[in-house]
Amino acid sequence: MMTDADHVRAGLVVIGAGPAGIAAAVVAAERGVRTIVIDRGLEPGGQIWRHRAGAKLPATAMHWLARFGHCDAELLSGASVVDARRAADGVDIVADRGGRPLRVHARDLVLACGARELFLPFPGWTLPGVVGIGGAQALLKSGASFAGQRVVIAGSGPLILPVAASLSHDGARLVTVAEQASGAAVARFGAGLWRSPALVAQAVRYRARFAATRYRTGTWVTAAHGTERLTHVTLTDGSRAWDEAADVLCTGYGLVPSTELARLLGCTMERGAVVVDARQVTSIPRVYAAGESTGIGGAPLSIVEGMIAGLAVASPGAIPASLTRRRSALHRAATRMHQAFAPRQELRTLAAHDTIVCRCEDVRFGALLTASCARQAKLHTRAGMGPCQGRICGPALELLRGWSVDTVRSPIEPTSISVLCADDSDGASASDSASTGADTGSSFSSLAAGAR
Amino acid sequence: MAGQASARNGTRTTGAPDVVVIGAGIVGAACADALSRAGARVLVLERDFAGGGTTAAGMGHLVVMDDSPAQLALTTYSERLWNALLPELPTNVEHEACGTLWVAEDEAQLDAIRAKHRVYADAGVATEILDPMQLASAEPQLRPGLAGALRVPEDGVIYPPVATLALLERACTAGAELREGVRVDAIGEREVHVGGERIVCDAVVNAAGAAAPALTPEIPIVPRKGHLVITDRYPGFCRHQLVELGYLASAHTMTSESVAFNVQPRATGQLLIGSSRELAGWDPAINPTIVHRMLDRALDFMPALARVSAIRTWTGFRPATPDKLPLIGAWEETPGLWIAAGHEGLGITTALGTGQLLADLVLERTPAIDPAPFAPSRVHATAAAH
Amino acid sequence: MDSSTRVVRITVDQQIVEVPAGVTVAAGLLDAGIWSTRTSVRGEARGPLCGMGVCFECRVTIDDVSAQRACLVAVREGMRVETTSVHAAQGGA
């Protein structure tokens, strides 16, 4: 009953085809490294470079996607990594590609798994019609239309601008845009962008596309209402509260690094991100990390880190100083962004006792109050036991309760049983004598004798 | 609902406890419950949080097993206690009275099943032999060509972490106190040492499971690692707990690694797939080779599992003794010390029976079953014999 | 959506629905006005949240294979989508 897996061997395997993964793969492949890229999505680009056929992307994105298309790196799309293990001569990756197992063995590994949105629970946030800010962008770019829908955006971070612009362009009726950070914090951040006039220009262009809609700062959503679908939301600016009718609420409070694979391999983490050195090497030799998983910093930083990782894989030579300088400058910019858009205190107290926190298992906030750690909460309430494996409720609970995430084990994404027991071709023990099974005593002693 | 703050604090905090129970796993909880309800003042000391050790890792099956007459007696006794108690416990204990099907692959195994049927009958446990057609009707997802099965209707499944909390809540209602996050440094004569503090008592119960030897070094318990896989929700896929006959041999032998088919329907509709046994020290890492073999075995019996979505895998450490029986009784070398540990893969099933038996022994009441096979003193006899 | 976009016909809970070609199943469902992809453990309606395959709220059964994330699968002519969260007893073909 063993399933044949697709087997691939490479010099370098890159996990994630977003900006960091693409940059790393391009740079390594152009220098002769046999490179495989594994990506969950249907098309390369990750989240930020997602595009509908024929849609226009920024020049940088077009440049890198074109180079990626032309280089010798092989892209395996629609594949979700479920396991990764260090081997004597590299790493073994197991992925689920359309329900079939895919095994990749490579000498070097670049983790470019990106990030996901931070969702904070509030009453009604689980209603159909409530989506992420990045979530709305992803849905839009994968073919959804919000034309004619009344949309409220209430969340945080620079992501709000391009998403508001995209939705507006698509024909959505943008009712209001609410940024939880204070006006002063946003203004300081904007002023700090003087170093990057291109970014300022881009922000102005985005804002212009939804010029008719009010962009409020120091304002956040406290509740979503409706029965089977969103009908209206309650917003507040700290002194007064009011309702807005809405079909769609886009909410999200910035990004958190996706680090499951890094943690599975045992990489050192710090403040929720993968620790890397100047060459983007993690605490594990020949395992690199680049992009948002090393710390949220946006596409330009991801590209630089990806390039450095690709160069480091391809050669032991020094990394060009221009790249390391650029990386430092972008790190500083990222720090400014984090400071400006940090979630305010009020967001931690929005959840009521009956507000769902774990969406997979319908665990409400009140049920979690007696637990002192994530694992205890999980065992006693089932929070985190669902298919998302705690990816949505985990970061929220880290903010709300101070719990660090539980340990990670394979499979790091749900996968079919057939993928989980795919043939281990590295000299697996012969098919179980259990299939003969007749005399239990002797069959198990022969099993014991034959087992590795 | 089990788990409320009231379970954490007893109503009495002054005065020395009569009994200190070390370990708030399901066995410790059952001991605390039985002792408290008999009037003893109980203090439970738990290193991490209640029900978080081996208790949390297992399958939660309530199953009568006949590897030995003593095991049959203890599992039968304890299962009766569970079936009487479970209707009173909260629904999040997730009791599924699904019964067990011991599956026979061929005629030889069918003979073994008939023998098992007689043994169970002699012990007063009702069972039923299913022929291939009845088996297919009872479990449509089992592959065709099996020889039959033995159905044990009184068996079932529970969710142990919450069952543990429920038992502790009962104990605390009867006056017990639970302290979590407390590591016991040493056991003395009628006392325990906790971070420089001496807690004096009449009796100490070492119910620390696979960690029991850390406090009582001569206890011959070793960790026997097992893997489990849980799936997404597929209600109706499997109606009974399913076990292959080879499970007994896998549990019986102490050598090397083995896997045996064991699938359970959970109250959530998820399928819990096991089982594996290996001696790997305390290494909790998932062993992919063992997982592969375990799942291949499961696919042998239920081919449709191939497309079922698996959400999580984990490992746990069964406390294993050389003769497959737990240690329940006095540890004569240390006055006042009692042991309730070493239940291997039957900790959930035998928790209530263990608690009752231990309480009977401590309080010098007549136990309902013969305690001799579980006497910790047998360990010395075995050691002396070598 | 411009008028030259092709459409494909899929069935959603046995109803035929036309969606633009080349979109994901999640996007197609939204375009068809279907914002609820599953029913939660306690019976609440749920729809896509993260759009990128992390939250699993959009999981549907596609052509008898359960637990597919609709936001990660492109629509195909004749595809059968079921949005019930409780999988059929057969557990997939």
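Since we're looking at a predicted model, the values are computed, not measured.

So, about the overall build of chain B. What chain B contains, in helices and strands, is 11 helices and 19 strands. Rg of the C-alpha trace for chain B: 20 Å, near the compact-globule value of 21 Å for 386 residues, within the 12% margin. In chain B, which comprises 386 residues, the proportion classed as buried is 64%. A fraction of 76% describes how many contacts in chain B between residues 6 or more apart in sequence connect residues 24 or more apart. Surface summary for chain B: the accessible area is close to 13000 Å², and the carbon and sulfur share equals 55%.

Time to look at the sheet that holds strand β1 (residues 19-22) of chain B. Residues and elements named next belong to chain B. Spatial ordering of the open sheet is given by β8-β2-β1-β12-β19-β18, a layout of six strands whose pairing is mixed. Two strands in the sheet have a free side with no partner beyond their single neighbour: β8 (177-179) and β18 (327-330). Along the sheet, successive strands turn relative to each other by an average axial angle of 15 degrees, direction set aside. Sheet topology places β18 next to strand β19 (residues 337-341); four bridges connect them, and they run antiparallel. Note that in β19 the partner of I328 across the bridge is A340.

Let's shift gears to empty space enclosed by the protein. All names here are of chain B. Inspection of every chain in the model, using the stated rule, returns three cavities of 30 Å³ or more. Taken as a whole, the largest cavity spans an internal volume of roughly 180 Å³. At the level of elements, α3 (69-85) and α8 (246-252) are the ones that each hand at least two residues to the lining of the largest cavity. In terms of residues, the lining of the largest cavity owes the most to one element, α8, which gives four residues.

A few words on the pattern of salt bridges. Residue and element names in this part refer to chain A. Tallied over the entire structure, the rule returns 46 salt bridges over all chains. Among the ionic pairs, E413 bridges to R40, the shortest N-O distance being 2.5 Å. One end of the pair, E413, is in the loop between α11 (393-401) and β22 (415-416); the other, R40, is in the loop between β2 (35-38) and α2 (59-70), and 373 residues separate them in sequence. Under the relative-accessibility criterion, E413 is labelled buried at 4%. We classify R40 as partly exposed; its relative accessible area is 23%.

Turning next to the nonpolar core. Of all hydrophobic cores here, the largest spans 56 residues; its most connected members are I26, L35, V42, W82, I158 and V205 of chain B. Counting 47 residues, the second largest nonpolar core, distinct from the first, contains F119, L350, A383 and C388 of chain A.

Every buried residue belonging to α11 of chain A is among C393, G394, P395, A396, L397 and L400 of chain A, and all of these are buried. Just past α11 of chain A, the residue G402 of chain A takes up positive phi, approximately 75 degrees.

The subject of this paragraph is the pairing of strand β17 (residues 309-320) of chain B. Among the 12 residues of β17 of chain B, 12 are classified as buried, and the element is accordingly described as predominantly covered. Bridge count between β22 of chain A and β17 of chain B: two bridges; the pairing is antiparallel. Across the sheet, the residue bridging to S416 of chain A is S309 of chain B, located in β17 of chain B.

A few words now on the environment of P322 of chain B. You can see P322 of chain B is positioned in the loop between β17 and β18. Between the alpha carbons of P322 of chain B and G342 of chain B there is a distance of 9.5 Å; along the sequence they are 20 residues apart.

Time to look at the confidence of the model for chain C. Residues and elements named next belong to chain C. Of the residues in chain C, 85% have a pLDDT of 70 or more, and the chain-wide mean is 87. Contacts from residues 85-93, a stretch scored under 50 in pLDDT, to residues over four places away or in other chains number 25 contacts. For this predicted complex, the interface score ipTM comes out at 0.90, while the overall pTM is 0.91.

Right, let's get into the environment of I286 of chain B. Checked against the element boundaries, I286 of chain B lands in the loop between β16 (270-277) and α9 (288-301). The buried category is assigned to I286 of chain B, whose relative accessible area is 19%. Here the alpha-carbon distance between I286 of chain B and R233 of chain B, two residues 53 residues apart in the chain, equals 23 Å. In contact with I286 of chain B, not counting residues within four places along its chain, are R409 and S410 of chain A together with H227, V291, T313, W314 and T315 of chain B.

Our focus in this paragraph is the sheet that holds strand β10 (residues 191-194) of chain B. Residue and element names in this part refer to chain B. Ordered in space as β9-β10-β11, the three strands form an open sheet in which the pairing is antiparallel. The strands lining the two open edges of the sheet, one partner per strand, are β9 (186-188) and β11 (197-200). Going across the sheet, the axis of each strand differs from the next one's by a mean of 25 degrees, ignoring polarity. Note that β10 and β11 share four bridges and pair antiparallel.

On the secondary structure map, I10 of chain C appears in strand β1 (residues 7-12). Apart from the residues within four sequence positions on either side, I10 of chain C is in contact with Q15, I16, V17, V19, V75, R76, M79 and V81 of chain C.

Bringing the packing of aromatic side chains into the picture now. Aromatic ring pairs are reported here in terms of the distance separating the ring centres and the angle at which the planes meet. A full pass over the atoms with the stated rule returns four aromatic pairs over all chains. Judged by centre distance (5.1 Å) and plane angle (75 degrees), the ring pair of F189 of chain A and F341 of chain A falls under edge-to-face. Pair noted here: F189 of chain A is in helix α5 (residues 183-191) and F341 of chain A is in helix α9 (residues 321-341), with a separation of 152 residues, a long-range link. On the basis of an interplanar angle of 50 degrees and a centroid distance of 5.1 Å, the ring pair of W282 of chain B and F317 of chain B is categorised as tilted. Of this pair, W282 of chain B sits in the loop between β16 and α9 while F317 of chain B sits in strand β17, and the two are 35 residues apart along the sequence. The lysine or arginine in question, R359 of chain A, covers the ring of W125 of chain A, its NZ or CZ lying 4.6 Å from the ring centre. Its end group placed over the ring of W102 of chain B, K116 of chain B keeps NZ or CZ at 3.9 Å from the ring centre.

Once that is clear, we can look at α2 of chain A. Between its first and last C-alpha, α2 of chain A extends 16 Å over 12 residues, near the 16 Å set by a 1.5 Å rise per residue. Buried residues belonging to α2 of chain A abut α1 (19-30), β2, β3 (74-76) and α8 (299-314) of chain A.

So, on to the state of the cysteines. Following the criterion strictly, the structure yields zero disulfides over all chains and no others. The structure places no disulfide on C71 of chain A, whose sulfur is separated from the nearest cysteine sulfur, that of C113 of chain A, by 19 Å. C31 of chain B provides the cysteine sulfur closest to C201 of chain B, a residue in no disulfide bond, and the two sulfurs are 14 Å apart. For C201 of chain B, a relative accessible area of 4% puts it in the buried group.

Attention shifts here to the packing of α5 of chain A against α9 of chain A. Residue and element names in this part refer to chain A. At their nearest, the axes of α5 and α9 sit 9 Å apart, and the two run at 165 degrees to each other. Relative to α9, α5 is oriented roughly antiparallel. As for how α5 packs across α9, the hand of that crossing is left-handed. Residues A185, V186 and F189 of α5 pack against R336, M337, A340 and F341 of α9. Class assignment of the residues belonging to the contact of α5 with α9 gives a composition of six nonpolar, no polar and one charged.

Before going further, it helps to examine unusual backbone geometry. Trans is the prevailing form of peptide bonds, just as negative phi is the prevailing case for residues other than glycine. In the segment running from S410 of chain A into P411 of chain A, the intervening peptide bond is cis, with an omega of 0 degrees. Relative to the elements of secondary structure, P411 of chain A occurs in the loop between α11 and β22. Of note, the amide linkage connecting G274 of chain B to S275 of chain B takes the cis form, showing an omega dihedral of 5 degrees. Relative to the helices and strands, S275 of chain B resides in strand β16. The phi angle at F56 of chain C is positive, at roughly 65 degrees, despite the residue not being glycine.

About the thresholds
- As a convention, each chain's residues are numbered from 1 in the sequence order in which they are written.
- To label them, take the chains in the order written and letter them from A, then take the ligands in the order written and number them from 1.
- With the structure being a predicted model, the display of local features is reserved for residues of pLDDT at least 70 and the display and counting of side-chain atom pairs for 80 or more, all residues being used for whole-chain, interface and lining totals.
- The basis for every side-chain value is the complete set of heavy atoms in the structure, and neither hydrogens nor water enter the calculation.
- For helices the rule is a DSSP run of H or I covering at least 4 residues; for strands it is a run of E covering at least 2, with both sets numbered from the N terminus onward.
- Taken over C-alpha atoms, the radius of gyration is set against a globule rule of 2.2 Å times the number of residues to the power 0.38.
- For every residue, the accessible area (1.4 Å probe, protein chains only) is compared with the maximum for its type, and the residue is labelled buried under 20%, exposed over 50%, or partly exposed between those bounds.
- Note on definitions: a residue-residue contact is assigned when non-hydrogen atoms from the two residues lie within 4.5 Å.
- Under the convention used here, a 1.4 Å probe and the Shrake-Rupley method define accessible areas, while residue burial counts only the protein chains that appear.
- Two strands pair under a simple rule: DSSP has to find at least two bridges between them.
- Interaxial angles span 0 to 180 degrees and are taken between N-to-C directions of axes, which are lines fitted to C-alpha atoms, for helices over the stretch in contact.
- Any residue with an atom within 4 Å of a point lines the site, the site being either a cavity, points on a 1 Å grid over the protein atoms alone where a 1.4 Å probe fits but cannot get out, or a pocket, an open set with protein on both sides within 12 Å along at least 5 of 7 lines.
- Grid points are joined across faces, edges and corners, and a volume is the space filled by probe spheres set on the points.
- Basic side-chain nitrogens of Lys or Arg form a salt bridge, by our definition, when they fall within 4 Å of a carboxyl oxygen of Asp or Glu.
- Here, nonpolar core means buried Ala, Val, Leu, Ile, Met, Phe, Trp, Tyr and Cys residues that are tied together by side-chain atoms lying within 4.5 Å of each other.
- Residue-level confidence of the predictor, termed pLDDT, takes values from 0 up to 100.
- Paired rings are identified among Phe, Tyr and Trp, the last through its six-membered ring, by centres lying within 6.5 Å, and are further divided according to the angle between planes into stacked (under 30 degrees), edge-to-face (over 60) and tilted (the rest).
- Any Lys NZ or Arg CZ that is within 6 Å of a ring centre and within 35 degrees of that ring's normal is treated as a charge sitting over the ring.
- Given a helix with a known number of residues, its expected span is that number minus one, times 1.5 Å.
- Cysteine sulfur pairs qualify as disulfides if the two atoms are within 2.5 Å.
- Any angle between 65 and 115 degrees counts as roughly perpendicular, while under 35 counts as roughly parallel, over 145 as roughly antiparallel, and the rest as oblique.
- Each crossing gets its hand from how the near helix is turned against the far one by less than a right angle, where anticlockwise is left-handed and clockwise is right-handed.
- When residues are grouped by polarity, Ala, Val, Leu, Ile, Met, Phe, Trp, Tyr, Cys and Pro land in nonpolar, Asp, Glu, Lys and Arg in charged, and all others, Gly among them, in polar.

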